[in-house]
Every structure is written in structure tokens, then in C-alpha cells.
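# What the coordinates show
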Amino acid sequence: MKRIYVNEKWCLGCHLCEYYCAFANSGEDNMAKALKDVVIHPRIRIEQQGNVSFAVSCRHCQEPLCVKGCISGALTVQNGVISIDSEKCVGCYTCILSCPYGAIMPSDTGAVQKCELCTKNKEGQPACVKGCPNKAIVFEERGEVQ
Amino acid sequence: MTRYAIIGNSAAAVGCVEGIRQVDRQGPITVISDEPHHTYSRPLISYLLEGKTDRVRMQYRGADFYEKNGVTPLLGKRAASIDPEKKTIILTSGEKIPYDKLLVAAGSRPFLPPTEGQETVTKVFTFMNLDSALALEQALTPESRVLIVGAGLIGLKCAEGIAHRVNTITVVDMADRILPSILDEAGSKLVQTHLEEKGLTFHLSDCVAKFEPDAATLKSGQRVPFDILVMAVGVRPNTSLIADAGGQVRRGVVTDEFCRTSLPDVYAAGDCAQSFDITTGQERVLALLPNAYMQGETAGIHMAGGEGKPYDRAIPMNAIGFFGLHIITAGSYQGEEVLMQKGNTYKRLFYQDDRLKGYILIGNVERAGIYTSLIREQTPLSSIDFDLICEKPQLMAFSKRARAKALSGAAG
Ligand SMILES: Cc1cc2nc3c(=O)[nH]c(=O)nc-3n(C[C@H](O)[C@H](O)[C@H](O)COP(=O)(O)OP(=O)(O)OC[C@H]3O[C@@H](n4cnc5c(N)ncnc54)[C@H](O)[C@@H]3O)c2cc1C
Ligand code: SF4
Ligand code: SF4
């Protein structure tokens, strides 16, 4: 399955991926309107320290601890994509406790949010990948662990 | 064709069905449960009373779960015993269900300490399953004065769920602090203050000496009047099916890393079974939903003859919140420690022998899973940047190589 892979060597720490993510999931048509004067809650996050930076988002694990541990059944695997049903989620944060990458985060709505590879917004393809000016984030097939 | 049977219809049972079906699409599965409901999420009963979910959304799996997975659900039926020699389950109705592989996922039941006068109380409830929550809900009125015995996870989740629809809530516990199984003294105090601000009253280091129909006299001599009593003192694993059949039982059913009991072709998973806690090296019952699911899945894969991984990474871990204040804890609290406290944010990390052993996070719980993973994988702390990991859970603390593997290697 195609996944997002990150190469920290190429990451500029520009945070554009975060903005593209927030825009893609905002439901707005205009990027300026969607992001102006708002605190964004992107599903991909840059970690930065000195001159090292890299983006972290859901790895869509083959053995997803978040799904196995979800107390409500809100997290499921849909064709390999780890997907969240925010209607079912009660915001218990068991998935935040479980995810080894820190890739699930609280949202404004009470439900948690996470990267769903832009399968549920109009982008259809990961917006962060498109928005990265230096190809530090790619979306490709690299084989699975056995 | 292998015939599978599962006693129980909750997290461990669902894990087992999904485990079996990863390996065997054919063998018929019979699920037996005395609860007459489609599989639902037990922890959501407090959210149901709070109005944060409903009967449909709280179903643990979709309406087509049984059909899709070739499961025959026998709901509202109780297993009376199992005969491991004849490989049959005998229901209380007298029906006999044959099996080739059996999972006992019978969960736990509330523990009710015998107390003087308890038989005089008419409005007494437990808070363990959907029916008990619905019965409690029926009894609630805006005037209700509720007494909850037990300041553990279940008692306090119940309190949160009903707080907006009753007059007062008083909680009594023998322990000197609330949530004693997961919180230290300072953390407990912080959460208690938060709950008191929400209107709860606590009597700690105290217990009910005597019940009257509408009041409890505590050991300290105080008298607590109430209209509704909720007993949430603790739970006991349902081990009798296995014990009566001659299987090995200690606190919970004794199982190995594939969830096999000492009886041939009989497995056990979830709240009725023991797990091996890697943070203490001891067998204990970890009555937690993720543990139940993963044990069930491991059992299912093995029952179906699959090459499943052993379940050997069990740790105690909890995510729980009350009125917007979130708590995440994991592991065991032993060894040296790092402590940070600022307002309603509390963090305590425990480490020993170059390993993270446990942690308590209150308030800011972001990315806690990175800490959980250090405990579960027993990552040597000398291989990561200790200051960075103490500051906050972050992948930056790992070596470049470990990071490259995590973020650009194959997904685990
Ligand atoms: C109010 C509440 C809140 C909770 N919150 C959390 C939380 O936030 N996070 C968390 O991780 N865990 C939580 N838990 C614990 C969690 O619900 C359990 O760990 C989990 O449900 C265990 O699943 P299980 O499949 O082992 O057993 P159970 O869910 O207990 O299910 C066992 C089933 O077997 C049935 N059964 C038993 N004996 C028989 C028999 N002889 N014949 C037929 N059927 C039988 C029972 O009726 C029951 O339906 C909570 C529990 C409660 C009560
Ligand atoms: S949220 Fe975390 S545990 Fe779940 S699939 Fe993504 S990376 Fe894996
Ligand atoms: S916060 Fe939502 S998605 Fe995460 S475990 Fe709880 S119910 Fe499931």
C-alpha cells in the first residue's frame, strides 16, 4: 500500500505541510480564508530542534495499536487506511496512549483526529506531500514488513 | 472444519473473532453471551448516560458484524459449565454446544462487600454493563442524592456520567486517595480538587459501616443521606467456568503467551484471565479493554492454527478523563523519577535499569504513546536523548537511525 514517508535530510522546517494539511481538512475553498488568523490543528506535525526537523503523521501501521485498543470501535482499517469515525469517538484518548509515533491528537470537537491520507477530503491525495517544496515527504509503495 | 465457540461477546470475544478470521474464513463460530445485546463498548456506558454517545454509536462493531464474520450469536444465553473431555458447553437452558476450540472471555463481575443493613436499601445499583446503566438511569431524578461506594475508575466514570442529571454525588472510599490503582498522592489530589470543583464530595480513608434505607453511617461516624446507591468497590474475574472444569486458576485464569489455559483446546482472554506484566515481571489481571482485545486476537489466531505472535508485551495502561481533565498512565511506578508540575499539568516519569518503567501524565497528555512505547519495547534509555524525552514525548529524542526506520522504513 502507498504510504507517506519522510526524509528528514530534505526537510526545511518550513511547516508548509502543516498548513496544507489544515487547509485540506478545513472544508474551505480558499487557503487564505481557511488559515488567516486561526490557530491551525494539522494532522501532520513538524518536530524541530537545532537544524534537525522532520514531519510526523500516522504510519498506517499493519498492526495498529490504536485500532486494537480503541474502546469504542471508532478507529478502523479501511483498505489499509487507519480511519476515524468521529461520531463514534468519545475522546477517551486511549489511542493517544497507544500510538508509538504520537500521531493521534485531540481536536476541537472532542473526538481525536489523525491523518487519513486525505481520503475523506476533496484532495484525494495527501496534501502535505503536494505542499512540500523539497520532497521531504513522499507518498509511495515501499513494501510491507512481514 | 474447526468449530469455534466463544463465551462472552465483548472486547476479548470480538478480538478472537477477528483473530480467527485472519486465518480461517470458513470454520463456524458460535458466540454465547448472557447479555442480550449486540456487541457494545462496555466503557461507553458512562458516556451514554452523559449523552456523549447513544445505543447505536456505542456498538463496538457494526450491525453486520456477526453475519460478515460467519458468527452465530447466542445472546441472552448463559453457559453453565464446560466439559473439556466431551468438548461441549452446557447452557443453563440445558442446550449443549459442541466445539473444537473454545475461548472463555467471560470478563468480570462487581465485587459487593457484605455490609450491615445493605438488604434494606432498595435503590442500589452496580455500574458494569448496559443493563445496569439503563436501570440506574431510570432511577435518576434532578433531586437525587447519589452515594457512590468506590473512588476507582468505574465509580468516578459513573459520577461523571450522571453528574449533570442529579442533585448531589458523594463518593466514599477506603483508600486515602481517589484512583489509587493508577495515581500517586499528588496526582490524585489534583484530580480530586478538579472533581470537587465540579460538585463531587469525597469521604476518603472511610467506609460504610451500616446502611439504612436512605442513609449510610460511615466508620468515621458521619452520616450520608442518599436516594440512590451505586456500588463500585471493585471487580472479580469470572473464573468459575474454567475452575469447575479443572483448569488452573489463580487470581484470574492462568494462561500462556498464546492465551491457552491448562485445559486442552480451551483458551481464555480479557478480564477473566491473567496477563504477564512486563514492567513488574508478575502475573496479574489487567482489566483493560486494549488488553482484552489483544489477548482475544492472539487466542483467535492461535485457535485457527495461525502463526500468530505471542502476546508478551502486556503492561498496565490507562487513559481516562473527567470533565475535560485528561489522565494517561502506564507501567509501574518504581525506580528513580522525574517530576514536573505546573498548574493542572502533572508529569511523573519512573525509570530503572536504563528502562522507562512507568509514567503519570495529567492535563497535557499529548503524544503519550511515545512513552508507552518506550516501556512496551523496553528501549534502553542510553540509546535516546534523556533530556529531550523528559521534556516531552518526541521522536527527536531518538537516534537519527531509529528515526529513519520509524518514519521512512516499512510500517510496523
Ligand atoms: C464503567 C466502565 C468503564 C470502563 N472504562 C474503561 C476505559 O476507559 N478503558 C479501558 O481500557 N477499560 C475500561 N473498562 C474495562 C473494560 O470494559 C474491560 O476491560 C473490557 O470490557 C473487558 O472485556 P472482556 O471481553 O474481557 O469482558 P467483558 O467486557 O466483561 O465481557 C464479558 C461478557 O461475558 C458475559 N459472560 C460472563 N459469564 C458468562 C457465562 N457464563 N455465559 C455467557 N456469558 C457470560 C458477560 O455478561 C459479559 O457480557 C471499563 C469498565 C467499566 C465497567
Ligand atoms: S495512529 Fe499511530 S498506531 Fe495508529 S496506525 Fe497511525 S501510527 Fe500506527
Ligand atoms: S479517543 Fe476516540 S478513537 Fe481514540 S480510543 Fe477513544 S474512542 Fe477510540
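First things first, this report covers the structure right here in the doc. It should be emphasised that the depicted structure is a prediction, and the values quoted were computed from it without experimental measurement.

## Brief notes about the overall build of chain B
The helix and strand tally for chain B stands at eleven helices and 25 strands. Here the C-alpha atoms of chain B give a radius of gyration of 23 Å, agreeing with the 22 Å that 2.2 N^0.38 yields for 412 residues. With respect to the principal axes defined by its C-alpha atoms, chain B has extents near 60 × 60 × 35 Å. Long-range contacts, defined as pairs at least 24 residues apart, comprise 61% of the intrachain contacts of chain B with a sequence gap of at least 6. Accessible surface for chain B amounts to roughly 17400 Å². Of this, 49% is attributable to carbon and sulfur atoms. Separation of charge centres in chain B, based on 45 positive and 47 negative side chains, amounts to 3 Å.

## So, the sheet that holds strand β15 (residues 223-225) of chain B
Residue and element names in this part refer to chain B. The three strands are arranged β13-β14-β15 in an open sheet whose pairing can be described as antiparallel. Each edge of the open sheet is held by one strand with a lone partner, namely β13 (208-212) and β15. Between one strand and the next, the sheet's axes are offset by a mean angle of 20 degrees, whatever the strand orientation. Sheet topology places β13 next to strand β14 (residues 215-218); four bridges connect them, and they run antiparallel. When the sheet's bridge partners are listed, lysine 210 is paired in β14 with threonine 217.

## Looking at the sheet that holds strand β18 (residues 266-268) of chain B
Residue and element names in this part refer to chain B. Read from one edge to the other, the open sheet built from five strands follows the order β3-β2-β1-β7-β18, with strand pairing classed as parallel. Every interior strand has two partners, whereas the edge strands, β3 (71-75) and β18, have only one. On average, each strand axis in the sheet is inclined to that of its neighbour by 15 degrees, with strand direction left out of account. Inspection of the sheet shows strand β2 (residues 29-33) paired to β3 by five bridges, in the parallel sense.

## Examining the environment of B:Ala215
Residues and elements named next belong to chain B. Checked against the element boundaries, alanine 215 lands in strand β14. Placed 94 residues apart in sequence, alanine 215 and valine 121 show a C-alpha to C-alpha distance of 8.8 Å. In contact with alanine 215, other than residues within four places in its own chain, are Lys210, Arg223, Val224, Pro225 and Phe226.

## Comments concerning unusual backbone geometry
The backbone phi angle of A:His15 is positive, close to 65 degrees, even though this residue is not glycine. Mapped onto the elements, A:His15 comes out in the loop between β1 (2-6) and α1 (16-24). Judged by its relative accessible area of 23%, A:His15 falls in the partly exposed class. One non-glycine residue, B:Cys259, lies in positive phi territory at about 70 degrees. Counting through the fold element by element, B:Cys259 comes out in the loop between α7 (240-244) and β18.

## Re helix α1 (residues 11-23) of chain B
All names here are of chain B. Between the first and last C-alpha of α1 there are 19 Å, a value that for 13 residues agrees with the 18 Å anticipated at 1.5 Å per step. The buried count for α1 comes to ten of 13 residues, which makes it a mostly enclosed element. The set of residues buried in α1 consists of Ala11, Ala12, Ala13, Val14, Gly15, Cys16, Val17, Gly19, Ile20 and Arg21. On its buried face, α1 sits against β1 (4-7), β2, α3 (65-68), β3, β7 (101-104) and α8 (289-303).

## A word on the interface of chain B and chain A
Taken together, the contact pairs 47 residues of chain B with 43 residues of chain A. A combined buried area of about 3700 Å² lies between chain B and chain A, and 58% of that area is made up of carbon and sulfur atoms. Counting across the chain B and chain A interface gives four salt bridges. Between B:Lys400 and A:Glu8 there is a salt bridge, with its nearest N and O atoms 3.1 Å apart.

Cut-offs applied
- Residues numbered from 1 in each chain as written.
- Chains lettered and ligands numbered in written order.
- Predicted model: local features only at pLDDT ≥ 70, side-chain atom pairs only at ≥ 80, totals over all residues.
- Heavy atoms only, no water.
- Helix = DSSP H or I, 4+ residues; strand = E, 2+ residues; numbered from the N terminus.
- Rg over C-alpha atoms; globule rule 2.2 N^0.38 Å.
- Contact = heavy atoms within 4.5 Å.
- Areas by Shrake-Rupley, 256 points an atom, 1.4 Å probe, with all protein chains shown as cover.
- Lys, Arg positive; Asp, Glu negative; His and termini not counted.
- Charge placed at Lys NZ, Arg CZ, Asp CG, Glu CD.
- Pairing = 2+ DSSP bridges.
- Axes fitted to C-alpha atoms, helices over the stretch in contact; angles between N-to-C directions.
- Buried < 20%, exposed > 50% of the residue type's maximum accessible area, 1.4 Å probe, protein only.
- Expected span 1.5 Å × (residues − 1).
- Buried area = accessible area lost by both parts, 1.4 Å probe.
- Salt bridge = Lys/Arg side-chain N within 4 Å of Asp/Glu carboxyl O.

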